[in-house]
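Given next are the chains, with one letter for each unit.
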Amino acid sequence: MDAMLQEIVAKYNYWIYVVLMMIGFYAMIGKSNLVKKLIGMNIFQTAIILMFISAGVKKGGGIPILDKQAVLERGVEAASIVNPLPHVLMLTAIVVSVSVTGVALAILQRIHGLYGSLEEDEILEKIDR
Amino acid sequence: MENSFWPLAAVLISLLGAVPILLSDRRPNLREAWTVTIALGKFAIVASLLPAVLAGGGYRFTLAEVLPGVPIALRVDAMGMYFALVASFLWIGTSVYSIGYMRALREHDQTRYFACFAVAIAATIGVAFSENLLTLYLFYEMLSLSTYPLVTHKQDAEARASGRRYLTYLLGSSVALLLPAMILTYILAGTLDFTTGGILSGRIDASTAAVLLVLFVFGFAKAAVMPMHAWLPAAMVAPTPVSSFLHGVAVVKVGVFSILRIVFFVFGTDLLAELHLGVILTALASVTVLGASLVALTQDNLKRRLAYSTIGQLSYMILGAGMLTAAGMTGGLLHLSMHAFGKITLFLCAGAIYIAAHKSNISEMDGLGRRMPVTYAAFFLASLSIIGMPPLGGFLSKWSLVVGAIDGGQLLLVAVVLVSSLLNAAYFFPIVYRGFFARAAEENGREEIREAPLLCLVPLSVTALFCLALFIWPSLALELIQKVLSP
Amino acid sequence: MSFLNLHMYALAAPLVGAMLLFAAGRFGRRLVMPVVLAALSLSLAASVLVFLEVLTAGPFSYTVGNWEAPWGIELVVDHLGALVNLLIASVALTACVSSLRRSSAELPERRHQFFTLYLILIAGMHGLALTGDAFNLYVLLEITSITTYGLIALGKGRAPLSSFNYIVMGSIGACFYLLGIGYLYILTGTLNMADLHRIIPLLDGRGAALATAFAFLMVGLWIKMAFFPLHVWLPNAYTDMPDGAAVLIAPLMTKVTVFLMIRVMFSIFSPVYEFIQHMAVQHIIVGVASVGIVCASAMALGQKDLRRMLTYIIIAEVGYMVGGLWLANAKGMTGAILHIVNDALMTLCLFLAAAAIAHRTGALGFERLGGLYRRMPLTMAAFTVGALSMIGVPPTCGFFSKWYLLLGGIEAGQWLYVGALIFSSLVNAVLFFRIIEIAYFRTPAEDSPVHEPGKGPRREAPQALLQPLVVTAAALIGVGLATGPLVERVIRFALPVGY
């Protein structure tokens, strides 16, 4: 029990991401307002992005921007810099997320123009009529 | 067995021939000329392949290697040649008759009719010349689909309902029963080729074989073994040439032919005898023979009566095969051609009666024989053949069946054949009798009932005479059948 | 041009075309057709050449920008990838002819924007067929998805709402996929597929994390391919999108996603992992697939609109493929991969026919389909061929993939799956014959706009809609007859080692 608690406390950041993911997921599924769904999607994606970045962190590691002279003289000490690869990947993921959000917002604008509302149940009612 | 393009040509001549037929939509005479030319050409090609088969050889052609061990391939052997000869010969007569019939009634959509007919006969020959079960399945389905527009030609509500029943039985059975049977055979045997002696010996036990056999018999619903027979009376809503040819000769014979192929070339008679499975065939066939004959007695519509008669007659062939004795199997196979000639004559007569007198029900046909003597004479000859009386061809096949039953010690089957022949007489003779001897009911409806047009009379007379001729000269048929049973 | 770059042309041509269109389209309305046709023809030519090269010389890989794998992005062209690549290119070119015509009718003033998205979608799909990097796959997957969201939203009626629902579900799927490869990255430190394939079996004691990664990857892809019960977004999205987009998206998107699942299952993980170490999962998935096939077929029966009916059939077909792959035997996998090709072609044929019919009748409710055989004989003939392929009648291609799937199912003892396949064939027969009956029997309504008395009722679809349809129908039979060589020379090499 003690060991498990240790584990949970040590990896607190991951637990936060899980909570964030659940919040995002709940918003996407449980809310009926379309904008809230979109925000939930963003939260969900952000949580995953954070998780990836956490994967690259090292204890006491610094920013992965190095001085050229220093590298040429003494080489790179991998343990002292944070892994930059997840950052790069997540930049792409953020771009993807922003694109989807952009498209979704454009579509929401269109929906609002068509139905005058952004609540799913109201819209469905209008459609059925 | 030499590789040759000719089996494919036999199939393709009418399959591709459908295109010029479709294109000659605006010129009926050209279109009709195409139909007849194709029919003659097809028979010529099929007949040209005969000498090699009689000499003990044959031809084959692989179209495409689609599945491992199972190509789409054609092969001309004795059994296929036998069926193809009957079908392609009768097709000529039917084409001529169709032309007469459609023109006399000024039917609509004749181009579609003739084009579909061309595809249907191509599929029939394809079934005859299939080398393996997959190719047979392919052409079997092609036949079901191409005959749908023919059956539903009238396009009224009744045609629609009948068409639905037609497809439900034929497609439903082929997907739900035949396809699993085919796959099961492939799993057991590793191949689907039709081989003398069968491909399953040593690889299958009695219970699986029994299930497989039943799946095949019911899966080939075109053979109309009860209870998969209900589509056939429903299909009588089609124009008479369709009924006559397709449901007297092509479609139903394809069903029985396929079952016989399975019996002889997938299971093999030795395996069936070893596992005592002949009794399944004879049991199912007997029920159908007797049942259909009884129902035929109750039908007033002439074509429906003929339909039930067909259902019964088809099962004679399966009965013969199930006897697993040489005479029985010979009788069953012989009945394929005898019945074809007989039944087609009967249907052609029914059509002639419809054209000349616009009557479909037997009760209204009193006294018609006196006004249409040729038609009724042909009808009489053909019905004698089907009942099995000498000097008509049908006698030979029925006699062979009886001998076969006695040979196999199955006296019950002798009784089945004899009783059903009596029933056949019971539902045929009244038609002829009333036609010639009864007083016509209504006097005013008689106006100018004359014989049917010549284009209809000639084919039906020819086929009726053939019923006679086949009694005198059955040698070609018998020779081919001999090759099937003991190659 | 050095041969090794040919596949890049397949990817680059539509992409460059898209940029050209977007930049110049506003001023040159006439540019749309030539640019689209040129780009997709170039893409097809390149795909054919790449395919032939793979057949003769074997698979090859290509590092983008010369950054060595596993740090750079690697493109891998093997038999399966080349086949799918060729499939995408041929379907795209065939569909675009129809899309060009339909879009002038449906969205005349937005054509260049429509086709910009269209071409980017095709480029993205080519990328998916070629990529050998798991993260690159995510990016391309999202590229195809985002363009799809946009294309759907261009439709009429409730299309924007359907698109939004698709966005929500599709993003969940993509995020799950991202989560999955995140786990894999944490475990292995690499994102290159070949590298992952090498490292994963060496990971001991990480069973739970690996399993979680695999589960997230699978579920993410299942959402994207509309695998029952994660399919709810598809019927609305595919029905409401414009015809011009439907003929491209419906045949391809779900099949390419199935292909991605194969990539994850065999190129990243291995059959040993899925089938031997976790056998219980296999049975569950095949069971779910079977249930999905039955339910989707049953739901299709209740539809009154042709397009909607077809979308439920798509869901059933996805069930075929997922079930077939998870049968864990060579026949099942062969059937599933063959079905990717066959189903794409069948769906293309049916959707092209639906577009042609919609062009003339305006809507696709069953009551509008009366007497179509007389009015549009060629269209309906092609539709019939497509229907026969769906039912599984030889020699159309649909029969042969069903054959393999049935054989595989029987061999694996998965009787539920076998029963589901046969049930689905029968249901398809009922579904399509209902339509064929209506089109054959009912006379066109007297007041229908296309009924021109005195002129004869025949009014076939325009050539631009008819030609691709006829070509596709012929291809259904041609590919069917060519199944033997296709399986022997291509698919056999696409199966994982040992099968």
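Let us look at the structure shown here. (Residues numbered from 1 in each chain as written. Chains lettered and ligands numbered in written order. Predicted model: local features only at pLDDT ≥ 70, side-chain atom pairs only at ≥ 80, totals over all residues. Heavy atoms only, no water.)

### Here's the deal with the overall build of chain A
Looking only at helices and strands, chain A has six helices and zero strands in total. Dimensions of chain A, computed from C-alpha atoms along their principal axes, come out at roughly 75 × 45 × 10 Å. Evaluated residue by residue, chain A yields a buried proportion of 30% over its 129 residues. About 8100 Å² of surface is accessible on chain A, with carbon and sulfur atoms providing 66% of the total. For chain A, the separation between the mean place of its 11 positive charges and that of its 11 negative charges on side chains is 4 Å. (Helix = DSSP H or I, 4+ residues; strand = E, 2+ residues; numbered from the N terminus. Buried < 20%, exposed > 50% of the residue type's maximum accessible area, 1.4 Å probe, protein only. Areas by Shrake-Rupley, 256 points an atom, 1.4 Å probe, with all protein chains shown as cover. Lys, Arg positive; Asp, Glu negative; His and termini not counted. Charge placed at Lys NZ, Arg CZ, Asp CG, Glu CD.)

### What to know about the overall build of chain B
Broken down by element type, chain B carries 20 helices and three strands. At 21 Å, chain B has a C-alpha radius of gyration in line with the 23 Å of a compact globule built from 487 residues. Projected onto its principal axes, the C-alpha coordinates of chain B cover approximately 70 × 55 × 45 Å. The buried share of chain B, taken over its 487 residues, is 64%. Residue pairs in contact within chain B that sit at least 24 positions apart in sequence constitute 81% of those at least 6 positions apart. (Rg over C-alpha atoms; globule rule 2.2 N^0.38 Å. Contact = heavy atoms within 4.5 Å.)

### Looking at the interface of chain C and chain B
Counting from both sides, the interface comprises 26 residues of chain C and, opposite them, 33 residues of chain B. Carbon and sulfur atoms supply 75% of the area that chain C and chain B bury against each other, a total of about 2700 Å² over both sides. The largest share of the area that chain C buries against chain B comes from C:W403, C:Y440 and C:F441, three residues that together contribute 26% of it. At the surface where chain C touches chain B, the tally comes to two salt bridges. (Buried area = accessible area lost by both parts, 1.4 Å probe. Salt bridge = Lys/Arg side-chain N within 4 Å of Asp/Glu carboxyl O.)

### A closer look at the interface of chain A and chain C
Chain A puts 36 residues into the contact, and the matching count from chain C is 30 residues. Summing the contributions of chain A and of chain C, the shared interface buries around 2800 Å²; its carbon and sulfur component is 84%. Summed over the three residues of chain A that lose the most area to chain C, namely A:F52, A:I107 and A:R110, the buried surface amounts to 17% of that side. Taken together, the links from chain A to chain C amount to zero salt bridges. Counting across the chain A and chain C interface gives two residue pairs in polar contact (both at pLDDT 80 or more). Ranked by residues supplied to the side of chain A that touches chain C, first place goes to helix α5 (residues 84–115) of chain A with 17 residues. Here the residues of the side of chain A that touches chain C sort into 29 nonpolar, four polar and three charged. (Polar contact = N/O pair within 3.5 Å; in protein donor to acceptor, adjacent residues only side chain to side chain. Nonpolar A, V, L, I, M, F, W, Y, C, P; charged D, E, K, R; others polar.)

### Thoughts on the environment of B:M79
Of note, B:M79 is situated in helix α4 (residues 78–105). Each C-alpha atom, one on B:M79 and one on B:L368, is 40 Å from the other, the two residues being 289 residues apart in sequence.

### A few points about the sheet that holds strand β2 (residues 59–67) of chain B
Residues and elements named next belong to chain B. Strand order in the open sheet formed by three strands is β1-β2-β3, with mixed pairing between adjacent strands. Two strands lie at the open edges of the sheet, namely β1 (2–3) and β3 (70–76), each paired on one side alone. Direction of pairing for β1 relative to β2: parallel, over a ladder of two bridges. Paired with E2 across the two strands is Y59, which belongs to β2. (Pairing = 2+ DSSP bridges.)

### Here's the deal with helix α17 (residues 393–407) of chain B
All names here are of chain B. For α17, which comprises 15 residues, the first-to-last C-alpha distance of 22 Å matches the rise-based estimate of 21 Å (1.5 Å per residue) to within 8%. Packing partners of the buried residues in α17 comprise α13 (302–323), α14 (326–357), α16 (373–387), α18 (411–437) and α19 (454–472). Two residues or fewer after α17 comes G409, characterised by a positive phi angle close to 70°. (Expected span 1.5 Å × (residues − 1).)

### Thoughts on unusual backbone geometry
A cis amide bond links B:P390 with the next residue in sequence, B:P391, at an omega value of 0°. Structurally, the position occupied by B:P391 is in the loop between α16 and α17. The step from C:F228 to C:P229 runs through a cis peptide bond, and the omega angle for that step is 0°. Assignment of secondary structure puts C:P229 in the loop between α8 (207–225) and α9 (234–240). The residue B:H276 is not glycine, and still its phi comes out positive at about 55°. Residue position: B:H276 is located in the loop between α11 (269–274) and α12 (278–298). Positive phi outside glycine occurs at B:L324, with the angle close to 60°. As for its position among the elements, B:L324 is in the loop between α13 and α14.

### Brief notes about the environment of B:H108
Residue and element names in this part refer to chain B. Position of H108 relative to the elements: it lies in the loop between α4 and α5 (110–128). Each C-alpha atom of the pair H108 and K154 lies 8.4 Å from the other, and the pair is 46 residues apart in sequence. For H108, the contacting residues outside a window of four places in its chain are H153, K154 and Q155.

### Things to note about the packing of helix α13 (residues 306–325) of chain C against helix α18 (residues 415–441) of chain C
All names here are of chain C. Where α13 meets α18, the closest approach of the two axes is 11 Å, and the angle between their N-to-C directions is 160°. In terms of orientation, α13 lies roughly antiparallel with respect to α18. The handedness of the crossing between α13 and α18 is left-handed. Mapping the contact onto sequence places L306, M309, L310, I313, E317, G319, Y320, G323 and G324 in α13 and Y417, L421, S424, S425, N428, L431, F432 and I435 in α18. Class assignment for the residues of the contact of α13 with α18 results in ten nonpolar, six polar and one charged. (Axes fitted to C-alpha atoms, helices over the stretch in contact; angles between N-to-C directions. Parallel < 35°, antiparallel > 145°, perpendicular 65-115°, else oblique. Left-handed = near helix turned anticlockwise from the far one by under 90°.)

### Quick word on the packing of helix α6 (residues 133–151) of chain B against helix α7 (residues 157–189) of chain B
Residue and element names in this part refer to chain B. Close contact between α6 and α7 brings their axes to 10 Å; oriented N to C, the two are set at 170°. Taken together, the axis directions place α6 and α7 in an arrangement best described as roughly antiparallel. Packed against α6, whose contacting residues are L133, L134, Y137, Y140, E141, S144, T147, Y148 and V151, the element α7 presents G163, Y166, L167, L170, L171, S174, V175, L178, L179 and M182 at the interface. For the contact of α6 with α7, the per-class residue count stands at 14 nonpolar, four polar and one charged.

### Focus: the nonpolar core
Grouped together as the largest cluster of nonpolar side chains are 413 residues, with contacts concentrated most on B:F267 and C:W326. It is helix α14 (residues 330–361) of chain C that contributes the most residues to this core, 20 residues altogether. If sequence neighbours within four positions are ignored, C:W326 has contacts with C:F214, C:M218, C:W222, C:M261, C:M265, C:E274, C:F275, C:V281, C:Q282, C:I285 and C:V286. Counting 13 residues, the second largest nonpolar core, distinct from the first, contains B:L145, C:I391, C:V393 and C:F433. (Core = buried A, V, L, I, M, F, W, Y, C linked by side-chain atoms within 4.5 Å.)

### Regarding the pairing of β2(B)
All names here are of chain B. Pairing of β2 with β3, which is carried by six bridges, proceeds in the antiparallel orientation. Its bridge partner lying in β3, F61 is registered against L74. In textbook terms, the turn of a hairpin is the stretch between consecutive antiparallel strands, and for β2 and β3 this stretch comprises two residues, one of which, G69, has a positive phi near 85°.

### Here's the deal with a nonpolar patch on the surface
Residues and elements named next belong to chain A. Taken together, M1, M4, L5, I8, W15, V18 and M22 make up a surface patch of nonpolar side chains, about 730 Å² in accessible area. Only α1 (2–10) and α2 (12–30) provide two or more residues apiece to the nonpolar patch. Mapped onto the secondary structure, M1 falls in the segment before α1. The exposure class of M1 is exposed, given its relative accessible area of 73%. (Patch = residues over 30% accessible without salt bridge, like charges linked within 9 Å, V, L, I, M, F, W, Y side chains within 5 Å.)

### Some remarks on the state of the cysteines
All told, the structure shown has zero disulfides over all chains when counted by the stated rule. A disulfide-free cysteine, B:C116 has its sulfur positioned 19 Å from the sulfur of C:C349, the nearest such atom. Note on B:C116: relative accessible area 14%, which makes it buried. (Disulfide = S-S within 2.5 Å.)

### Section: the side chain of B:S309
Along the chain, B:S309 falls in helix α13. When near neighbours in sequence (up to four residues on either side) are disregarded, B:S309 contacts B:A296, B:K343, B:I386, B:Y427 and B:F428.

### A closer look at the pattern of salt bridges
The final tally for this structure, using the stated rule, is 18 salt bridges over all chains. As a salt-bridge pair, B:D77 and B:R261 come within 3.0 Å of each other at their nearest N and O atoms. With B:D77 in the loop between β3 and α4 and B:R261 in helix α10 (residues 240–267), this residue pair connects regions lying 184 residues apart in the sequence. In this pair, the class of B:D77 matches that of B:R261, namely buried. The shortest N-O distance in the salt bridge between C:D243 and C:R102 comes to 2.8 Å. Placement of the pair is C:D243 in helix α10 (residues 243–268) and C:R102 in helix α3 (residues 79–106), with a sequence separation of 141 residues.

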